[in-house]
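One-letter residues, chain by chain:
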Amino acid sequence: MSGRSIVSIRDFPREEIEFVIGKALEVKQGRHADALQGKVLATLFFEASTRTRLSFEAAMVSMGGRVIGFADANVSSAKKGESLSDTVRTVCGYCDVMVIRHPVEGAARRAAEVSGVPVLNAGDGANQHPTQTFLDLVTIQQECGQIDGLRIGMLGDLKYGRTVHSLAIALSLFKDVEMVFISPPSLRMPEDTLEDLVARGIHFQEHREIDELTRPLDVLYVTRIQKERFADLLEYERVAGAYRVGPKSLEHLGEKVRVMHPLPRVDEISEQMDSLPNAIYFRQAHNGIPTRQALLGLVTGRIQ
Ligand code: NCD
């Protein structure tokens, strides 16, 4: 994977996804220490971030690399009217690998086309968030021991949530995975993703509420309503607070369900869940480090 950009999870066949998961687990066991010695990462964040940016930074620094970048577009030359392409053409001369988060769908693809170094997509609008998907899969593999054959629910804003778009496509590559999409009708999984799943022969169901479920889930992946993507704030207010997962939800989800969330959480998972063994969302967030260490190592050619 040396020299390669990571723009969309659609660019990865199952074997490569499993290869990355394997490398992340190796890193987690302490292998590949200092693999990024002398390498420089540039972080270009045109949208808010806590976990993605800081875990990329921590991943780089803890393996001996260094980080430059900005966390706010207002302090970059975008504020003066510079195009993303010009920013990327310039910054690729300052670093060995670049991470970009941008509100426009397709921004990471455009950046990868003009960059002389690998570009890692840290979220492009409502489109994709492939490095999150890798860490989600590492988490599922570790917590469930497998990905094949699982029954996985996704709850919340399936329309604008980029994490669930990437995750559904990745899961479709695994064997006998059953997907259950639960959302208010106005926030359903986009039609083109559903059509894609049908074409891949995937079994999925759609529901409006958790209490419509008749069988337990292995995993429930909860997402926040993506307020910033609504053109009309009234439309957001109509769905705000439409769902909330708490200890009582386990009646419908099954006592063994693992509850995941890419975070940040607003009010869709009650804090009462946090102390239950079902809650794995903070361990999931911590898997961002070994997963991103592995990805940085692979694209810079330091991990093979
Ligand atoms: C997600 C994102 O930015 O898409 N956050 C993350 O990277 N962990 C989810 C979200 O913002 O709701």
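Our structure is the block above this text.
Residues numbered from 1 in each chain as written. Predicted model: local features only at pLDDT ≥ 70, side-chain atom pairs only at ≥ 80, totals over all residues. Heavy atoms only, no water.

A. Looking closely at helix α7 (residues 191–199). Restricting attention to buried positions, one finds in α7 the residues T193, L194, D196 and L197. Viewed along the axis of α7, the buried residues span an arc of 160°, placing them on a single side of the element. Of the residues in α7, the exposed ones pointing more than 90 degrees away from the buried face are D192, E195, V198 and A199. Taken together, the buried residues of α7 touch α6 (162–171), β6 (178–182) and β7 (203–207). Looking at the residues trailing α7, positive phi occurs at G201, about 75°. (Buried < 20%, exposed > 50% of the residue type's maximum accessible area, 1.4 Å probe, protein only. Helix = DSSP H or I, 4+ residues; strand = E, 2+ residues; numbered from the N terminus. Arc of directions from axis to C-beta. Contact = heavy atoms within 4.5 Å.)

B. Representation of the nonpolar core. Counting residues in hydrophobic clusters, the biggest one holds 54 residues, and the most contacted among them are I17, M154, L171, M179, F181 and L296. No other element matches α6, which puts six residues into this core. Domain assignment of the residues forming this core places at least three in each of domain 1 (9–128 + 287–299) and domain 2 (131–285). Residues contacting I17, with those up to four places away along its chain left out, are I9, F12, F134, L137, A170, L173 and F174. Among the nonpolar cores identified, the runner-up in size contains 27 residues, and L155, I210, L263 and I269 belong to it. (Core = buried A, V, L, I, M, F, W, Y, C linked by side-chain atoms within 4.5 Å. Domains from an automatic or database assignment.)

C. Structural view of the packing of aromatic side chains. Inspection of every chain in the model, using the stated rule, returns six aromatic pairs. Ring geometry for F181 against F204: centres 5.7 Å apart, planes inclined by 40°, an arrangement best described as tilted. Placement of the pair is F181 in strand β6 and F204 in strand β7, with a sequence separation of 23 residues. Judged by its relative accessible area of 1%, F181 falls in the buried class. For F204, a relative accessible area of 25% corresponds to the partly exposed category. With 5.7 Å between their ring centres and 75° between their planes, F230 and Y236 make a pair best called edge-to-face. (Phe/Tyr/Trp six-rings, centres within 6.5 Å; stacked < 30°, edge-to-face > 60°.)

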